[in-house]
Amino acid sequence: VSESDLKNYYDSHSQEFAEPEKFRLSHLTAADEAGARALLAGLKTDEDWQKAAPDGGTIPGDHPVGDPLPDLAQPGDLYRELKALAPGKWLEKPWKGDKEWHLYRLLALVPPRAKAFDEVKQEVRYRYENEKRQEVYETLMGELLKKYDVKLHPEVFEKTEKAKPEQAAGAQAK
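Now for a look at the structure at hand. (Residues numbered from 1 in each chain as written. Predicted model: local features only at pLDDT ≥ 70, side-chain atom pairs only at ≥ 80, totals over all residues. Heavy atoms only, no water.)

Structural notes on the overall build of the protein
Here comes step 1: Of regular secondary structure, the protein possesses 6 helices and 4 strands.
Here comes step 2: Helices and strands in the protein line up, N terminus first, as α-β-α-α-β-α-β-β-α-α.
Here comes step 3: Taken across its 174 residues, the protein has 25% of its residues classed as buried.
Here comes step 4: Taking the intrachain contacts of the protein between residues at least 6 apart in sequence as the baseline, contacts between residues at least 24 apart amount to 70%.
Here comes step 5: About 12000 Å² of surface is accessible on the protein, with carbon and sulfur atoms providing 54% of the total. (Helix = DSSP H or I, 4+ residues; strand = E, 2+ residues; numbered from the N terminus. Buried < 20%, exposed > 50% of the residue type's maximum accessible area, 1.4 Å probe, protein only. Contact = heavy atoms within 4.5 Å. Areas by Shrake-Rupley, 256 points an atom, 1.4 Å probe, with all protein chains shown as cover.)

Structure follows, in structure tokens:
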């Protein structure tokens, strides 16, 4: 595979290699809603936040918009509220997770970023080679189907797929 093939592939698929918009967050947790609300009531200044979370309470890394944050039940609403926040502000209500309650503070909204070709060259190579393999496979299968006059009967495949779960259930019952 030539460098120019990879570069052309990258140029025609550059949006697929871009980093999405992300949130950089600080995060505190409480065992219950009352504890979370009490903690939130005490968070008036940066000093209060540092006292509540001496380690900064930061969630490691950035979280792409739309990706689930750890242990959240309703990320859709959370993301809408986070996008409306100004950096340095925390959400005005705690969020219920599966096991605990969460408080979030927006540190920064990191804009989307186009990755340079050199950053994603290995991924470009992998995807380009896989697409080329798939094209060769499909071409070869098409030629073989024509050469040997193969007739496909999709309705047979549908019947077979529907029968498999029933067969498995019958086998387990024996």
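Examining helix H5 (residues 117-147)
Here comes step 1: End to end, H5 covers 42 Å across 31 residues, agreeing with the expected 45 Å (1.5 Å per residue, within 8%).
Here comes step 2: Along its length, H5 shows its largest kink, about 40 degrees, at Glu123.
Here comes step 3: Here H5 has its buried residues at Phe117, Val120, Val124 and Tyr128.
Here comes step 4: Each element contacted by the buried residues of H5 is listed here: helix H1 (3-12).
Here comes step 5: A positive backbone phi angle near 50 degrees is found at Asp149, which sits one or two residues after H5. (Expected span 1.5 Å × (residues − 1). Bend = angle between axes of the 7 residues up to and from the residue.)

Quick notes on the pairing of strand S1 (residues 22-30)
Here comes step 1: Across the 9 residues that make up S1, a large majority, 7, are buried.
Here comes step 2: Summarising the sheet, S1 and strand S4 (residues 101-110) pair through 9 bridges and their orientation is antiparallel. When the sheet's bridge partners are listed, Lys22 is paired in S4 with Val110. (Pairing = 2+ DSSP bridges.)

Description of the packing of aromatic side chains
Here comes step 1: Taken as a whole, this structure holds 4 aromatic pairs when the rule is applied.
Here comes step 2: Cluster of aromatic residues (ring-pair linked, three or more members): Tyr10, Phe17 and Phe117.
Here comes step 3: A cation sits over an aromatic face here: Lys93 above Trp95, 4.8 Å from the ring centre. (Phe/Tyr/Trp six-rings, centres within 6.5 Å; stacked < 30°, edge-to-face > 60°. Lys NZ or Arg CZ within 6 Å of the ring centre and 35° of its normal.)

Re the nonpolar core
Here comes step 1: Formed by Phe23, Leu25, Leu78, Tyr79, Leu82, Leu85, Leu91, Trp95, Tyr104 and Leu106, the largest nonpolar core amounts to 10 residues.
Here comes step 2: Of all the elements in the fold, those that place two or more residues in this core are S1, helix H4 (75-84) and S4.
Here comes step 3: Beyond its immediate chain neighbours, meaning those up to four positions away, Leu85 contacts Trp90, Leu91 and Leu106. (Core = buried A, V, L, I, M, F, W, Y, C linked by side-chain atoms within 4.5 Å.)

A few points about the pattern of salt bridges
Here comes step 1: Taken as a whole and judged by the stated rule, the model has 13 salt bridges.
Here comes step 2: Note that Glu135 and Lys132 form a salt bridge whose closest N and O atoms lie 3.3 Å from each other. Taken together, the residues Glu135 and Lys132, both in helix H5 and 3 residues apart, mark about one turn of the helix.
Here comes step 3: A relative accessible area of 40% places Glu135 in the partly exposed class.
Here comes step 4: Among the residues examined, Lys132 registers a relative accessible area of 34% and is labelled partly exposed. (Salt bridge = Lys/Arg side-chain N within 4 Å of Asp/Glu carboxyl O.)

Side note on the packing of H1 against H5
Here comes step 1: Look at H1 against H5: their axes get within 9 Å of each other, and the N-to-C directions meet at 95 degrees. Between H1 and H5, the angle falls in the class roughly perpendicular. Taken together, the residues of H5 that come into contact with H1 (itself represented by Glu3, Asp5, Leu6, Lys7, Tyr9 and Tyr10) are Phe117, Val120, Lys121, Val124, Arg125, Arg127, Tyr128 and Glu131.
Here comes step 2: For the contact of H1 with H5, the class distribution of residues is 7 nonpolar, no polar and 7 charged. (Axes fitted to C-alpha atoms, helices over the stretch in contact; angles between N-to-C directions. Parallel < 35°, antiparallel > 145°, perpendicular 65-115°, else oblique. Nonpolar A, V, L, I, M, F, W, Y, C, P; charged D, E, K, R; others polar.)

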